[in-house]
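# Commentary on secondary and tertiary structure
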Amino acid sequence: MGKNHEAGSGKEEDAMQLAVAKQQYGEHMDSLRAEGLLDDQFLELQQLQDESSPDFVEEVVLLFIQDSGRIIKNLADSLEQKPVNFKKVDAHVHQFKGSSSSIGAKRVKAVCIMLHMCCDRQDQQGCLLALEHVKREFDLIKGKLQTMLELEKQIVALGGTPPFMDR
Amino acid sequence: MNAQMAGGGGDSLWFEHWHTKLFILWVFFMALVSLSVYLQMNAEMLVRRRDTLKTMCEGRARMLENQFLASMNHVRALTALFTTLHISKQIAMFNQETFSQYAESTAFERPLMSGVAYADRVLHEDRESFEMSHGWTIKEMFSKEKQQVFEEYAPATMSQDTVSYLTSLDMMSGQEDRENILRARASGKGALTNPFRLLESKHLGVVFTFAVYSIHLPPDATPDERVKATAGYLGGAFDVETLVENLLHGFPGSEMIAVNVYDITNELCPLVMYGHTNVSKSENTYVSSLDFGDPQRKHEMRCRYNEDALPPWTAISTSVGIFVIGFLVGHMLHASRNRIDKVEENCRMFKELKVLADEASVAKSQFLATVSHEIRTPMNGVLGMLQMLMDTRLDATQQDYARTAQASGKALITLINEVLDQAKIESGRLELEAVPFDLCAILDDVLSLFSGKSRDEGIELAVYISEKVPSILIGDPGRFRQIIINLVGNSIKFTERGHIFVCVHLSEDMEMVMEGSDYSGDDDDYSDWEVDGPGCVPLDMKCNQFNTLSGYETADDRNSWETFELLLAQEQHSYNPDHDDHHWNFSDGNDVVNLVVSVEDTGVGIPLHVQERVFTPFMQADSSTSRTYGGTGIGLSISKCLVELMSGKMRFVSRPKIGSTFTFTAKFQQMHNSVHESMLRNTNSVLQVRLLPTCFQGMQALVVDGRPVRSEVTRHHLRRLGVQVMLILSLSQSECSAAAFHSTVGGGIDMILVDKDAWGAGTGIRFPHMLCQSASEHLRQRNKYFASSVGLSHGFIAARLPKMMLVATSMTDNEHKLARENGFTDSVVIKPLRASMLSACLQQALGVWNRRDQGRELREGSRSLHKLLSGKRVLVVDDNPVNRRVAEGALLKYGAQVECVNSGRAAIVKLKPPHNFDACFMDVQMPEMDGFEATEIIRKAEMEASECMSGGILTKYHPVRIPILAMTADVIQATQAECLLCGMDGYVAKPFEEQQLYNAVAHFFEAGYV
């Protein structure tokens, strides 16, 4: 906020910072895609964001993070029960798969499929192992997405628009 | 060991071999049965034999006895006579002579006696007087000398002739005779001697003696009185050996048995009386007692068979037979039981193997599913980008390229699915779809897939579809396409020159033509347009000797011009184009359409020795083939399976170095007449091919090509665009040039399409020049009569010419230049011909645009989607908050008013009529109540509501049925059929894809659903 007040002197500096932030943002997104963390679906998501829903991506991402945390907790709980109700576990997995696929979190989706297969086999050990994977992948993408949101906010704060919106 | 036997092993061993044991027991049993049969039969036979022996023996004994007694009785009668004579002292009446005479004449009464003799009783004191009176001395019996002095004598005085030697012999000098005489006179009854050798004859015999008394004796006279009263003795000799033999020989079967007669007075030492062999008393002999009238002597007859009983052959053969039959029956049962066991064992093994195979198959399917999924994801990216590319402004060629790329990409996705389905084919679980599809569009697609390669290699690729084939068929487009891709792909792979020609006909027509057509005679009247005649002689170019698509020889002459012409005639004959646009009334009234599809190439052909295993999976012509051409060799086998699923047959004709023609038949349903084609195209997502542009309707074109088959193909494609076509096959004809002129200068012709290789490579390029020449020639001739003053420069004619287009397989830069110089200024159409591509080219050349402007519609997809959805109230049902938000966002973007709920129950509440939603997007898989269930309940509620309403207000003021679309991430899992079954109206894949969303939504909002 402070920077915006120093309008005259900081203008060039702001532009510089904005360019840097955009550069960072671009690199970040490229790495996300290169590492296979996100797929095209995320781009589609970004395209849905327009003037009528300016915070759409952020909203969805936060929703995803919040909802996924809940699901993972549910998963861990139901896997600890004895005997394990695999149907219930599978229902959670299906939810998680659906939301990760909606947001384009490719690798989370992949491990979800793995977990789903373990469920089909009624393999508790496998499920627990897969759940570890899911957790790890989710933490990874969560961090990355949060970073992305940070960068976006930074760009907006510097007076720019999120890069995906300038077409 | 025993323990082992008692355990599980023993049980199974028993179960394995119980029938063997049974068999052995059975064999034993049968052996016993046959043995007992044998014994019984044998015993019966022995009994019978013994009975026979008994009968025979008894018969003989009784006969002998009778005859013996008869003889004895007679002797006794003689004795009585002598006694009577003695008493009356008239014995002198008898002398030797009379006695002998009498005896001789009564000999038949004594059948067993060799002779009788009478001996006087002479005491010693009377000896001399006796000797004196007879004139001979008494002689000793054996030495025949004078008898020594004894107390008394018994010299024979009278004798039968047969025993005359007895005369003067003292009968008491023989031991047996003496005893006999003494016994006879003491008892007063007849007495028999032991058997002994008779005098003279030396035969074995017995002597029978009676005493003759001189006084009448009372019956109770003492022996002493009898001795005193004795006057003489009468004796008879039984010559047993001879006479009995004669008697016995008279019996039947006398050779079979040996008969002996024994004197058993002394039981310890029986004396043989008759018989050659000694018959000992044993169980084989039969004994019957004899009574010869002498109570002091006992006789018996012993009989036995001469030979031992023959082995009982009947019994042996019967029992052996029974045993053999029993054995064979047992063996048969045992063998069949063994067989059954073996088969059961095999069956069990097969089942195990099948389970293994099934497991392997499941594993394979899983693998395939995973892999294909992984491929599909990046492909979706490619396709999406292509779609975006197509949304930008492109010229016709670019548009076509992009579309081709997209089609190829989609084909790849399809192929991946097909790989998945291959597993299904193998396990027989594949089911064909039955959805409407556009045959022409599919063939065009396939052609465009391969067009790149065919262009590179200069191979002609062409498709021809008979006009009688309905454009919309119901069947499985994916499978049909798969078959065509396989066949064409194969052909492309093995063809280096010439052509590949895909041809679709109705099988009725094909049969009619193949049977030797009835229409061969009147083939002139089918086409008013075609300019063809006897003067049309193909130019003698190198590759022109065969009248096929490209002039190369083909394996099957089905698509050569001769046959093709007949087919065209056949089709033309029964097809009346004025009747109805796209619907035929089939003569059989059936909706089934039988197609014959042939794919012809002029490639390397299939070597003769591998032709029979072409349809075997993973089998290529030989190993070098896969090295040279690649591929797995599974395509043909899949195609064949698919064709068979379409209740058709696939066959091929192939000649090495010449080419192959694959032909298959397939059955499809015809679209019902009441369903209009354009409606299908608008609403059905399967028929994504839009209608061809209609802007060419009524135009006329001239097709110039020296090759009739090819020109027909061009005509076919133009006709699909509604262009009327006239063919010119030859320039050497004056009629032809006249027609050309008429159409050019006289007007009416909008375009001229010339094949680049009309009369041989590159000759088509020079056509405009030739046309100008012949046209001006013609005009000049006409001018003679009409004396027109119109200037007839080439330039004038060229200016009046319609659009000139060159149709070519491939063009070099040089040829492009040459073509332009020759007047092909408008366009070059690159083969293979396809309706969409052709229309694009024509649009470019003619500068007309489709009234409906189909190309733009896609480009403005999102805008029209916006138009469709804006202001509509949409309910999104999804339990997953992220998905819900995303769907909401997407729909909001298109201007819809979105409301979200998170469960099926909430949706039911929201959608309880009356409500004001226009559509509902429902997630399929939700906890508690899934989408299908929720839809069913909503539908039920709507039904009730509409019933209530129709009772009161008749006007339809409220949407009774809200469109419900399923949202699903897994397109394979949720088939459309399943969605429709529970009352849904369609489905969209998650995440939303613009085109698909449009297709699904357009169905309701555009068709005036609401």
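Throughout, a residue's number is its position along its own chain's written sequence, starting from 1. Think of it this way: whatever chain is written first is A, whatever ligand is written first is 1, and the rest follow in order. Residue-level local features of this predicted model are given only where pLDDT is at least 70; pairs of side-chain atoms are given and counted only at 80 or more, and the full residue set underlies all totals for whole chains, interfaces and linings. Note: side-chain values were computed over all heavy atoms of the structure, leaving out hydrogens and water.

## A word on the overall build of chain B
Note on conventions: DSSP H or I runs of at least 4 residues are helices, E runs of at least 2 residues are strands, and numbering of each starts at the N terminus. Broken down by element type, chain B carries 29 helices and 29 strands. Across the 1010 residues of chain B, 47% fall into the buried class. For chain B, long-range pairs separated by at least 24 residues make up 73% of all intrachain contacts whose partners lie at least 6 apart in sequence. The method behind every accessible area is Shrake-Rupley, applied with a 1.4 Å probe, and residues are considered shielded solely by the protein chains displayed. Total accessible area computed for chain B in this model is approximately 50,000 Å², and 57% of it derives from carbon and sulfur atoms. With a 1.4 Å probe rolled over the protein chains alone, any residue whose accessible area is under 20% of its type maximum counts as buried; one over 50% counts as exposed, and the rest are partly exposed. Contacts: residue pairs with any heavy atoms within 4.5 Å of one another.

## Things to note about the overall build of chain A
Along its length, chain A carries seven helices and zero strands. Tracing chain A from N to C terminus, the helices and strands come up as α-α-α-α-α-α-α. Here the contacts in chain A between residues at least 6 apart in sequence split such that 66% fall between residues at least 24 apart. On chain A, roughly 8,900 Å² of surface is accessible, and the fraction owed to carbon and sulfur atoms is 53%.

## Things to note about helix H12 (residues 507-514) of chain B
Within the span of H12 of chain B, buried status applies to Ser507, Asp509, Met510 and Val513 of chain B. Buried residues of H12 of chain B fall within an arc of 155 degrees about the axis and therefore sit on the same side. To be clear, the arc concerns the directions from the helix axis to the C-beta atoms.

## Section: the pattern of salt bridges
Close approach of charged atoms allows side chains of opposite charge to pair. Between Lys or Arg on one side and Asp or Glu on the other, a salt bridge is scored when a side-chain nitrogen of the former is within 4 Å of a carboxyl oxygen of the latter. Counting across every chain of the model gives 33 salt bridges over all chains. Between Lys144 of chain A and Glu35 of chain A there is a salt bridge; the shortest N-O distance is 4.0 Å. Here Lys144 of chain A is found in helix H7 (residues 124-157), whereas its partner Glu35 of chain A is found in the loop between helix H2 (11-34) and helix H3 (40-48), with 109 residues between them in sequence. Residue classification places Glu35 of chain A among the partly exposed positions, given a relative accessible area of 37%. Among the ionic contacts, a cluster of salt bridges with common partners joins Glu59 of chain A together with Arg885 and Glu888 of chain B.

## Description of the UniProt feature "transmembrane region" (unreviewed entry) in chain B
Residues and elements named next belong to chain B. UniProt marks residues 23-41 and 310-333 with the feature "transmembrane region" (unreviewed entry), using the numbering shown here. Summarising residues 23-41: 100% helix, 0% strand, and an end-to-end C-alpha distance of 27 Å. Helix makes up 88% of residues 310-333 and strand makes up 0%, while its end C-alpha atoms are separated by 37 Å. UniProt positions are given in the numbering used here, feature names are shortened, and annotations may be inferred rather than shown by experiment.

## Here we look at the nonpolar core
For soluble globular proteins, the rule of thumb is that nonpolar side chains tend to be buried together. Among the nonpolar cores identified, the biggest contains 49 residues, and Phe42, Val61, Phe64, Phe96, Ile141 and Met148 of chain A are the most heavily contacted of them. Elements with a minimum of two residues in this core: H2, H3, helix H4 (56-80), helix H5 (86-103), helix H6 (106-121) and H7 of chain A together with helix H25 (881-893) of chain B. Excluding its chain neighbours within four sequence positions, the residues that come into contact with Phe96 of chain A are Phe64, Ser68, Ile71, Ile72, Val108, Cys112, Val134 and Phe138 of chain A. The set of buried Ala, Val, Leu, Ile, Met, Phe, Trp, Tyr and Cys residues whose side-chain atoms join them within 4.5 Å is what this entry labels a nonpolar core. Counting 45 residues, the second largest nonpolar core, distinct from the first, contains Leu430, Phe450, Ile500 and Phe662 of chain B.

## So, unusual backbone geometry
One non-glycine residue, Gln122 of chain A, lies in the positive phi region at around 60 degrees. Among the structural elements, Gln122 of chain A can be located in the loop between H6 and H7. Relative accessible area serves as the criterion here: at 53%, Gln122 of chain A is assigned to the exposed category. One non-glycine residue, Ser168 of chain B, lies in the positive phi region at around 80 degrees. Within the fold, Ser168 of chain B resides in the loop between strand S4 (156-159) and helix H5 (175-187). Assessed through its relative accessible area of 6%, Ser168 of chain B is described here as buried.

## Details of the UniProt feature "modified residue: Phosphohistidine" (unreviewed entry) in chain A
UniProt tags His94 of chain A as "modified residue: Phosphohistidine" (unreviewed entry). Along the chain, His94 of chain A turns up in helix H5.

## Let's talk about the sheet that holds strand S21 (residues 724-728) of chain B
All names here are of chain B. The sheet built from five strands is open, its strands ordered S21-S20-S22-S23-S24 with parallel pairing. With partners counted over all chains shown, the strands left at the sheet margins are S21 and strand S24 (827-830), one partner each. Along the sheet, successive strands turn relative to each other by an average axial angle of 25 degrees, direction set aside. Where strand S20 (residues 700-704) lies against S21, five bridges are found, and the strand directions are parallel. The partner of Gln700 across the bridge, within S21, is Gln724. Axes here refer to lines fitted to C-alpha atoms; in helices the fit is confined to the stretch in contact. Angles between the N-to-C directions go from 0 to 180 degrees. Contacting S20, S21 and strand S22 (751-755), helix H17 (residues 708-720) runs over the sheet at an angle of about 165 degrees to S21. One requirement defines pairing of two strands: DSSP has to find at least two bridges between them.

## Regarding the sheet that holds strand S11 (residues 286-290) of chain B
Residues and elements named next belong to chain B. Read across the open sheet, the four strands follow the order S10-S9-S12-S11; overall the sheet is antiparallel. The strands lining the two open edges of the sheet, one partner per strand, are strand S10 (271-274) and S11. Strand-to-strand, the axes of this sheet are offset by a mean angle of 35 degrees, without reference to chain direction. Here strand S9 (residues 257-263) pairs with S10 via three bridges, running antiparallel. Following the sheet pairing, Tyr262 is matched in S10 by Val272.

## Comments concerning the interface of chain A and chain B
Contacts between the two partners involve 20 residues from chain A, matched on the other side by 16 residues from chain B. Summed over both sides, the interface between chain A and chain B buries roughly 1,800 Å², with carbon and sulfur atoms accounting for 59% of that surface. Area buried by chain A at its contact with chain B is led by Leu48, His94 and Gln95 of chain A, which between them contribute 25% of it. The interface formed by chain A and chain B contains one salt bridge. We define a polar contact as two N or O atoms separated by no more than 3.5 Å, with the added condition that, inside protein, one atom must be a possible hydrogen donor and the other a possible acceptor, whereas residues neighbouring each other in sequence contribute only through side-chain atom pairs. Our count for the chain A to chain B interface comes out at five residue pairs in polar contact (both at pLDDT 80 or more). Of all the secondary structure elements, the ones that give two or more residues to the side of chain A that touches chain B are H3, H4 and H5 of chain A. The term buried area refers to how much accessible surface (probe radius 1.4 Å) is lost by two components on association, counted for both of them together.

## Considerations on the packing of aromatic side chains
All names here are of chain B. The aromatic pairing rule takes the rings of Phe, Tyr and Trp, using the six-membered ring of Trp, and pairs them if the centres are within 6.5 Å, calling planes under 30 degrees apart stacked, those over 60 edge-to-face and the rest tilted. Here the structure, examined in full by the defined rule, presents 21 aromatic pairs over all chains. Centroid distance Phe23 to Phe327: 5.8 Å. Interplanar angle 50 degrees. Geometry classified as tilted. Taken as a pair, Phe23 in helix H2 (residues 8-87) and Phe327 in helix H8 (residues 313-391) lie far apart in primary sequence, 304 residues in all. Taking 5.4 Å as the distance between ring centres and 70 degrees as the angle between the ring planes, the aromatic pair formed by Phe437 and Phe668 counts as edge-to-face. Here Phe437 is found in strand S13 (residues 435-438), whereas its partner Phe668 is found in strand S19 (residues 659-670), with 231 residues between them in sequence. For the residue pair Phe437 and Phe668, the accessibility class agrees, reading buried in each case. Counting every residue linked through ring pairs, the aromatic cluster contains Phe68, Phe208, Phe210, Phe238 and Phe292. When the ring centre of Tyr262 is taken as reference, the NZ or CZ atom of Arg302 above it lies at 4.2 Å. For a lysine, the NZ atom is tested; for an arginine, the CZ atom; a charge sits over a ring if that atom is within 6 Å of the ring centre and within 35 degrees of the ring normal. The aromatic ring of Phe917 is capped on one face by Arg873, whose charged end is 5.1 Å from the ring centroid.

## Regarding the packing of helix H10 (residues 439-457) of chain B against helix H11 (residues 477-494) of chain B
All names here are of chain B. With their axes 10 Å apart at the nearest point, H10 and H11 run at an angle of 30 degrees to one another. Between H10 and H11, the interaxial angle falls into the category roughly parallel. For the element pair H10 and H11, the recorded crossing hand is right-handed. Residues Leu439, Ile442, Leu443, Asp445, Val446, Leu449, Phe450, Lys453 and Ser454 of H10 lie in contact with H11, whose contacting residues are Pro477, Phe480, Arg481, Ile484, Ile485, Val488, Gly489, Ile492 and Lys493. Convention used here: angles under 35 degrees read as roughly parallel, angles over 145 as roughly antiparallel, angles from 65 to 115 as roughly perpendicular, and any remaining angle as oblique. By the definition used in this description, the sense in which the near helix is turned from the far one sets the handedness, with an anticlockwise turn below a right angle giving left-handed and a clockwise turn giving right-handed.

## A word on a nonpolar patch on the surface
All names here are of chain B. For patch building, the residue pool is restricted to those with more than 30% relative accessible area and no salt bridge; the joining distance is 9 Å between like charges and 5 Å between nonpolar side chains (Val, Leu, Ile, Met, Phe, Trp, Tyr). Together, Trp26, Phe29, Ile325, Val329 and Leu333 make up a nonpolar patch on the protein surface, roughly 490 Å² of accessible area in all. For the nonpolar patch, the secondary-structure elements that each account for two or more residues are H2 and H8. When residues in the nonpolar patch are grouped by element, the largest group, three residues, is from H8. Mapped onto the fold, Ile325 is located in helix H8.

## Section: the confidence of the model for chain A
Residue and element names in this part refer to chain A. In the predicted model, chain A carries a mean pLDDT of 81, and 90% of its residues have values of at least 70. Per-element averaging of pLDDT across chain A places helix H1 (residues 2-5) at the bottom with 44 and H4 at the top with 88. Overall, residues 1-8 carries pLDDT values under 50, and its contacts beyond four positions in sequence, including any with other chains, amount to four contacts. Each residue carries a pLDDT score, the predictor's own confidence in it, on a scale running from 0 to 100.

## A closer look at helix H22 (residues 835-846) of chain B
Residue and element names in this part refer to chain B. Taking 1.5 Å per residue, 12 residues should reach 16 Å; H22 reaches 16 Å between its end C-alpha atoms and fits that length. The buried fraction of H22 is high, at 10 of 12 residues. All of the buried residues in H22 are Ala835, Met837, Leu838, Ser839, Ala840, Cys841, Leu842, Gln843, Ala845 and Leu846. A helix is expected to span 1.5 Å for every residue after the first.

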